[in-house]
Amino acid sequence: MSSSEVARVESPRGTVVLHRRERHGREVLELRVNGIFVMDTLETTSERALASVALAAVEKPGHVLIGGLGLGYTLEEVLSDPRVTAVTCVELEECLVAWMRDGTIAHGPGLLADPRVRMVTSDVADVLVAADATYDLVLLDVDNGPDYLVHDHNHRLYRPDFLTAAARATRQVLAIWSATRSDALEAAMRSVVGNCTAASYEVKLGTRPETYWLYVSSPGAGE
């Protein structure tokens with residue numbers, strides 16, 4: 001399996017790198033931050049499910065906020081739903097947005113050209129704290145989850161204070177992706193929102209099996 005570096009940026013939060021590798025005749029892009037695997041273009045099941053599960057739970061998804069652009073697969077899944085009228089996508093790393101816009105990530109220009117998309121380069125915590133019942137769906141894939149952080153300061157995104165602000169900004173469904181099971185996150189979402197469903201997704205990273213998790217709450221729905 002050959003591998004080469006496609007792009008690298010030193011951001012205030014560390015090193016963001018895109019690698020290209022070939023597997024079984026297929027070209028795969030892999031995103032790493034500070035040397036930690038974040039995602040690739042080969043296994044995108046749970047990133048898509050973050051969107052599809054939330055979309056399936058509501059009649060009118062309307063305005064969707066996505067926290068964390070990544071390689072764009074949650075955004076792509078959201079845009080595939082014609083009921084969605086607007087998408088605010090919040091990404092902290094400017095280089096990821098640039099790579100999507102300039103075609104370094106090949107499917108990126110088409111996604112960002114969709115007139116429903118508004119890209120915001122910011123911390124999603126700041127965006128949600130300033131919002132009030134603004135978004136029908138809030139989908140968060142900002143880090144690898146509370147127990148496997150790429151950036152230590154992101155621990156706050158999984159704690160009650162931020163979850164309260166996120167729930168306040170959400171009209172219908174709040175969904176959070178995690179690389180590992182987190183009973184603490186589920187409990188925090190239940191305490192703040194009043195309900196939470198945890199769903200596991202079996203995936204393969206190369207030959208290594210992994211289990212990813214989604215935590216989904218409906219603000220205002222109660223138990």
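Use the structure listed above.
Cut-offs and rules
Residues numbered from 1 in each chain as written. Predicted model: local features only at pLDDT ≥ 70, side-chain atom pairs only at ≥ 80, totals over all residues. Heavy atoms only, no water. Helix = DSSP H or I, 4+ residues; strand = E, 2+ residues; numbered from the N terminus. Buried < 20%, exposed > 50% of the residue type's maximum accessible area, 1.4 Å probe, protein only. Areas by Shrake-Rupley, 256 points an atom, 1.4 Å probe, with all protein chains shown as cover. Lys, Arg positive; Asp, Glu negative; His and termini not counted. Charge placed at Lys NZ, Arg CZ, Asp CG, Glu CD. Pairing = 2+ DSSP bridges. Axes fitted to C-alpha atoms, helices over the stretch in contact; angles between N-to-C directions. Contact = heavy atoms within 4.5 Å. Polar contact = N/O pair within 3.5 Å; in protein donor to acceptor, adjacent residues only side chain to side chain. Phe/Tyr/Trp six-rings, centres within 6.5 Å; stacked < 30°, edge-to-face > 60°. 1 Å grid on protein atoms, 1.4 Å probe; cavity = no way out; pocket = protein on both sides within 12 Å on 5 of 7 lines; lining within 4 Å. Points joined across faces, edges and corners; volume = space filled by probe spheres on them. Nonpolar A, V, L, I, M, F, W, Y, C, P; charged D, E, K, R; others polar.

Q: For this particular structure, what's the right way to read the overall build of the chain?
A: Check the secondary structure of the chain and you find 7 helices and 11 strands. If you line up the chain on its principal axes, its C-alpha atoms span 50 × 35 × 35 Å. Considering the chain as a whole, with its 223 residues, one finds that 54% of them fall into the buried category. Accessible surface computed for the chain: about 9,900 Å², of which carbon and sulfur atoms make up 49%. Between the centroid of the 21 positive side chains of the chain and the centroid of its 31 negative side chains there is a distance of 2 Å.

Q: How should the sheet that holds strand β7 (residues 117–121) be read in this particular structure?
A: Paired through backbone hydrogen bonds, the strands of a sheet run either parallel or antiparallel to each other. Strand order in this open sheet of 7 strands is β7-β6-β5-β8-β9-β11-β10, and the pairing throughout is mixed. In the strand order of this sheet, the two ends are held by β7 and β10 (197–205), each with one partner. Each strand axis lies, on average, 20° off the axis of its neighbour in the sheet, ignoring direction. Across 4 bridges, the pairing between strand β5 (residues 62–67) and strand β8 (residues 135–140) is parallel.

Q: Just to check I follow, could you spell out the environment of Glu30 for this structure?
A: As for its position among the elements, Glu30 is in strand β3 (residues 26–33). Given a relative accessible area of 12%, Glu30 falls into the buried group. C-alpha of Glu30 to C-alpha of Asp40: the two residues are 10 residues apart in sequence and 4.1 Å apart in space. Residues in contact with Glu30, not counting those within four places in the same chain, are Val17, Leu18, His19, Arg21, Phe37, Met39 and Asp40. Side chain to side chain, Glu30 and Arg21 meet in a polar contact 2.8 Å long.

Q: Is there a simple way to think about the packing of aromatic side chains in this case?
A: The geometry of an aromatic ring pair comes down to the distance between the two centres and the angle between the two planes. For the coordinates displayed, the defined rule picks out 2 aromatic pairs. Taken together, a centroid distance of 6.3 Å and an interplanar angle of 20° make the contact between Trp213 and Tyr215 stacked. In this pair, the class of Trp213 matches that of Tyr215, namely buried.

Q: Before we go on, may I ask you to explain empty space enclosed by the protein in this structure?
A: Summary: where empty space remains is shown by rolling a probe the size of a single water molecule over the atoms. A full pass over the atoms with the stated rule returns 3 cavities of 30 Å³ or more. Roughly 460 Å³ of internal volume is contained in the largest cavity. Lining the largest cavity are 32 residues; nearest its centre among them are Gly68, Glu91, Asp141, Val142 and Asp143. Class assignment of the residues belonging to the lining of the largest cavity gives a composition of 15 nonpolar, 10 polar and 7 charged.

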